[in-house]
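# Structural characterization, general
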Amino acid sequence: MTSAQRDACPYCGWPDRAEPFQVVSRHGTAAGHTVWTRCGCGSLQVRVVDACGMRVLSRSGRG
């Protein structure tokens, strides 16, 4: 299973669909937005928000 297929942070269980603990940066793209967020446990996440919705593409280990 890839990180993009999970429904929650594998380190603390915070739901991916919930508000992130902290938005680090947000960048507009032709298709939507790329949003770098930090989970409450410190894991850095790359989220894509587009016409298909929101999905976590990648996440780091705990910070």
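Before reading further, recall that the structure is shown in the block above.
Each chain has its residues counted from 1, following the order in which its sequence is written. Under the rules for a predicted model, residues below a pLDDT of 70 receive no local features and side-chain atom pairs below 80 are neither given nor counted, while totals for whole chains, interfaces and linings still include all residues. Hydrogens and water molecules were not included; the side-chain quantities draw on all heavy atoms of the structure.

## Focus: the pattern of salt bridges
- Salt-bridge detection follows one rule: a side-chain nitrogen of Lys or Arg within 4 Å of a carboxyl oxygen of Asp or Glu. This model, assessed by the stated rule, comprises two salt bridges.
- Where R59 meets D16, a salt bridge forms, and the shortest distance between an N and an O atom there is 3.0 Å. Residue R59 is found in strand β4 (residues 53-59), and its partner D16 is found in the segment before β1 (22-28); the two are separated by 43 residues along the sequence. The same class applies to R59 as to D16, namely buried. Starting at the N terminus, helices and strands are each numbered in turn, a helix being any DSSP run of H or I of at least four residues and a strand any DSSP run of E of at least two. Here the term buried applies to any residue with accessible area under 20% of the maximum for its type, exposed to any over 50%, and partly exposed to those in between, with areas from a 1.4 Å probe on protein chains only.

## Focus on the sheet that holds β4
- In this scheme, strands are said to pair when DSSP sees at least two bridges between them. Here four strands make up an open sheet; going across it, the order is β1-β2-β3-β4 and the pairing antiparallel. Taken across any chain shown, the strands that pair with only one partner, and hence form the sheet edges, are β1 and β4. Across the sheet, the axes of successive neighbouring strands diverge by a mean angle of 25 degrees, strand direction being ignored.
- With seven bridges joining them, strand β2 (residues 32-38) and strand β3 (residues 44-50) adopt antiparallel strand pairing. For W36, the partnering residue across the bridge sits in β3 and is V46. Axis lines are fitted through C-alpha atoms, for helices just across the contact stretch, and the angle between N-to-C directions can take any value from 0 to 180 degrees.

## Considerations on the environment of T37
- Considering the arrangement of structural elements, one finds T37 in strand β2.
- You can call T37 buried: its relative accessible area is 1%.
- Residues T37 and E19 lie 18 residues apart in sequence; the distance between their C-alpha atoms is 9.6 Å.
- Here, residues are in contact when the closest pair of their heavy atoms is within 4.5 Å. Sequence-distant contacts of T37, that is, excluding residues within four places in its chain, are made with P20, Q22, V23, V24, S43, L44, Q45 and R47.
- Polar contacts, as counted here, are pairs of nitrogen or oxygen atoms within 3.5 Å of one another; within protein the pair requires one atom able to donate a hydrogen and one able to accept it, and residues that are adjacent in sequence qualify only if both atoms are side-chain atoms. There is a polar contact of 3.3 Å between the side chain of T37 and the side chain of R47.

This is a description of form; function is not addressed.
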